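# An overview of the molecular structure
Now for the letters of each chain:
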Amino acid sequence: MNRYFALALTAVVSFIVAFLLGFVLIPWLRKLKFGQTILDIGPAWHKSKQGTPVMGGLMFIISTIVSIAATVIASFILKTDIIAGESVNQGQVKIKIYAGILLAIGFGAIGFLDDYIKVVKKRNKGLSIIQKTIPQLVISLAYLGTLYQSGSSYMYIPFVGNVDMKWFFFIFGICVIYGGINAVNFTDGVDGLCASVTAAASVGFIAIAVLHGYFGVGIVASALFGGCLGYLIWNWHPAKVMMGDTGSMFLGGLVVALAYMVDCPLILLFIGIIYVIEGMSDVIQIGYFKITHGKRIFKMAPIHHHFEMCGWKETKIVTVFTVINLIGAIIGAAIYYYGKIV
């Protein structure tokens, strides 16, 4: 199977599956009355979204997994190994990819439980911070332990090379995974925002995969890209469905996993620049509020709500943030590429 054709086919299949699932999943969620609850602390105009079906993230979760599986099966039938490719350490490559997919599924499961408690048990806050954090840490440690045992305890730093992290691999990894998951979750607050930004991030990983021959990573990134676009047809403003924590935590897990698949979690500072900005805006807002005993830097955090309060339409926020993240993704891919040459 031609590898470039496989990348395109994976994206197309994921797009079609996610799009078609909308015809089935959205009516089903409405029938079950799995509707979004809008908190009073949010922008007043978000009240119109009350009751919009949540857990729509299942659309791109299913499409991503199905499209990856379809490509792997097709390559197996054609007697090619699209996942490992021509890598010297094929076993290690496969472990990174499959462990990363399981990481995303694990976080998606935590998000699903959180959404279920919110919409079915009618508890607006869902799982408590502790109830979320403990399983997140367990899953993260299991993932990092798997990579460590496979010999992937190093990190690639552009213009420096591979650096063996030793025991610090776990401490750094926990910070990256936990911070990344929650930063992506913060980005999900405006119709179409999180999926659009993630689609842009996927482009960066696809570029890295193509430039360096990491076609297994490219397959995962292409599946994510197609799934996000298929979902966006239903989630674009005004949204007919919302991804919920089910979707945002899966996206966070897979984006972080993609960074580890290319051995460079630091690249998220560029490829996920909007995630970084969203997460930091929330941290800065909370810190400043506590230090000043009630003062705020932003009208509301995360920062996309600040721009809403300034009069920006949701579609403008999504467009601007996505373009910024796409630029960051291109810069990140360039840094990764030229850093390898040095």
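Preceding block: the structure.
Residues numbered from 1 in each chain as written. Predicted model: local features only at pLDDT ≥ 70, side-chain atom pairs only at ≥ 80, totals over all residues. Heavy atoms only, no water.

## Digging into the overall build of the protein
Definition in use: Only DSSP runs of H or I reaching four residues or more are called helices, and only runs of E reaching two or more are called strands; each is numbered from the N terminus. Restricting the calculation to C-alpha atoms gives the radius of gyration, and the globule rule supplies 2.2 Å times the number of residues raised to the power 0.38. Only protein chains enter the area calculation, which uses a 1.4 Å probe; residues under 20% of their type maximum are buried, those over 50% are exposed, and those in between are partly exposed. Whether two residues touch is decided by their heavy atoms; if any such pair falls within 4.5 Å, the residues are in contact.
Helices and strands together make up the secondary structure of the protein, namely twelve helices and two strands. Counting from the amino terminus, the protein carries its helices and strands in the arrangement α-α-α-α-β-β-α-α-α-α-α-α-α-α. Computed over its C-alpha atoms, the radius of gyration of the protein comes to 19 Å, within 12% of the 20 Å expected for a compact globule of 342 residues. With the principal axes as the frame, the protein shows a C-alpha extent of 55 × 45 × 35 Å. A burial count over the protein gives 51% of its 342 residues as buried. In the protein, of all internal contacts separated by at least 6 residues, the share reaching a separation of at least 24 is 74%.

## Observations concerning the packing of helix 3 (residues 90–119) against helix 8 (residues 244–261)
To be explicit about the condition: Interaxial angles span 0 to 180 degrees and are taken between N-to-C directions of axes, which are lines fitted to C-alpha atoms, for helices over the stretch in contact. By the definition adopted for this analysis, an angle is roughly parallel if under 35 degrees, roughly antiparallel if over 145, roughly perpendicular if from 65 to 115, and oblique otherwise. Definitions for this section: a left-handed crossing has its near helix turned counterclockwise from the far helix by less than a right angle. A right-handed crossing has that turn clockwise. Amino acids outside the nonpolar list (Ala, Val, Leu, Ile, Met, Phe, Trp, Tyr, Cys, Pro) and the charged list (Asp, Glu, Lys, Arg) are all regarded as polar, and Gly is one of them.
Running from N to C, helix 3 and helix 8 point in directions that differ by 160°, and their axes come no closer than 7 Å. Judged by the angle between their axes, helix 3 and helix 8 are roughly antiparallel. For the pair helix 3 and helix 8, the crossing hand works out as right-handed. Across the contact of helix 3 with helix 8, the residue classes break down as 14 nonpolar, six polar and five charged.

## With respect to the pattern of salt bridges
In a structure, side chains of opposite charge can pair up when their charged atoms sit close to one another. Convention followed: We define a salt bridge as a side-chain nitrogen of Lys or Arg found within 4 Å of a carboxyl oxygen belonging to Asp or Glu.
One pass over the full model with this rule turns up six salt bridges. Across the salt bridge formed by Lys132 and Asp245, the nearest N and O atoms sit 3.4 Å from each other. Of this pair, Lys132 sits in helix 4 (residues 129–149) while Asp245 sits in helix 8, and the two are 113 residues apart along the sequence. Side by side, Lys132 and Asp245 carry an identical accessibility label, which is buried.

## Some remarks on the nonpolar core
Applied cut-off: Side-chain atoms within 4.5 Å are what join buried Ala, Val, Leu, Ile, Met, Phe, Trp, Tyr and Cys residues into a set we call a nonpolar core.
Judged by nonpolar contacts, the single largest core of 89 residues is most densely connected at Tyr143, Phe205, Leu251 and Tyr260. Apart from the residues within four sequence positions on either side, Phe205 is in contact with Ala221, Val255, Leu258, Ala259, Val262, Ile267, Leu268 and Ile271.

## Section: the environment of Leu102
With respect to the helices and strands, the residue Leu102 is situated in helix 3. For Leu102 and Phe250, which are 148 residues apart along the polypeptide, the C-alpha to C-alpha distance reads 9.8 Å.

## Some details on the pairing of strand 1 (residues 154–157)
This is how it is decided: The pairing criterion is simple: DSSP has to find at least two bridges between the two strands.
Relative to strand 2 (residues 161–164), strand 1 is paired through four bridges, and the arrangement is antiparallel. Bridge pairing in strand 2 places Met155 opposite Val163. The hairpin turn running from strand 1 into strand 2, its antiparallel successor, is three residues long, and Phe159 in that turn takes a positive phi close to 70°.

## Some remarks on unusual backbone geometry
Cis geometry marks the peptide bond from His237 to Pro238, where omega comes out at -5°. Positionally, Pro238 belongs in the loop between helix 7 (215–235) and helix 8. For the bond running from Ala301 to Pro302, omega is 0°, close enough to zero to count as cis. Checked against the element boundaries, Pro302 lands in the loop between helix 10 (273–291) and helix 11 (303–309). Even without a glycine there, the phi angle at Met55 is positive, about 75°. Summarising the element assignment, Met55 is placed in the loop between helix 1 (3–31) and helix 2 (58–77). Note on Met55: relative accessible area 1%, which makes it buried. Of note in the backbone geometry, Lys166 takes a positive phi value of approximately 55° without being a glycine.

## Some points on a nonpolar patch on the surface
The condition is simple: Here, patches come from residues exposed beyond 30% relative accessible area and free of salt bridges, joined within 9 Å for like charges and within 5 Å for nonpolar side chains (Val, Leu, Ile, Met, Phe, Trp, Tyr). Residue-level accessible areas treat just the shown protein chains as cover; the underlying method is Shrake-Rupley with a 1.4 Å probe.
A contiguous nonpolar patch, built from Val12, Phe15, Ile16, Leu20, Phe23, Val24, Leu229 and Ile233 and spanning about 680 Å² of accessible area, is present on the exposed surface. Secondary-structure elements contributing two or more residues to the nonpolar patch are helix 1 and helix 7. With six residues, helix 1 is the single largest residue contributor to the nonpolar patch. Tracing the backbone through its elements, the reader meets Val24 in helix 1.

## Thoughts on the side chain of His305
Where we set the bar: Polar contacts here mean pairs of N or O atoms no more than 3.5 Å apart (in protein, one a potential hydrogen donor and the other a potential acceptor; neighbouring residues in sequence count only if both atoms are side-chain atoms).
Summarising the element assignment, His305 is placed in helix 11. The exposure class of His305 is buried, given its relative accessible area of 10%. Polar contacts involving the side chain of His305 include one to the side chain of His304, which spans 3.4 Å.

## Brief notes about the packing of helix 5 (residues 168–187) against helix 10
Packing of helix 5 against helix 10 leaves a shortest axis separation of 8 Å and a crossing angle of 90°. One finds that helix 5 runs roughly perpendicular with respect to helix 10. Where helix 5 abuts helix 10, its residues Ala183, Val184, Phe186 and Thr187 lie against Ile274, Tyr275, Glu278, Gly279 and Asp282. Residues of the contact of helix 5 with helix 10, tallied by class, amount to five nonpolar, two polar and two charged.

No statement about biological role is implied by the geometric values presented.
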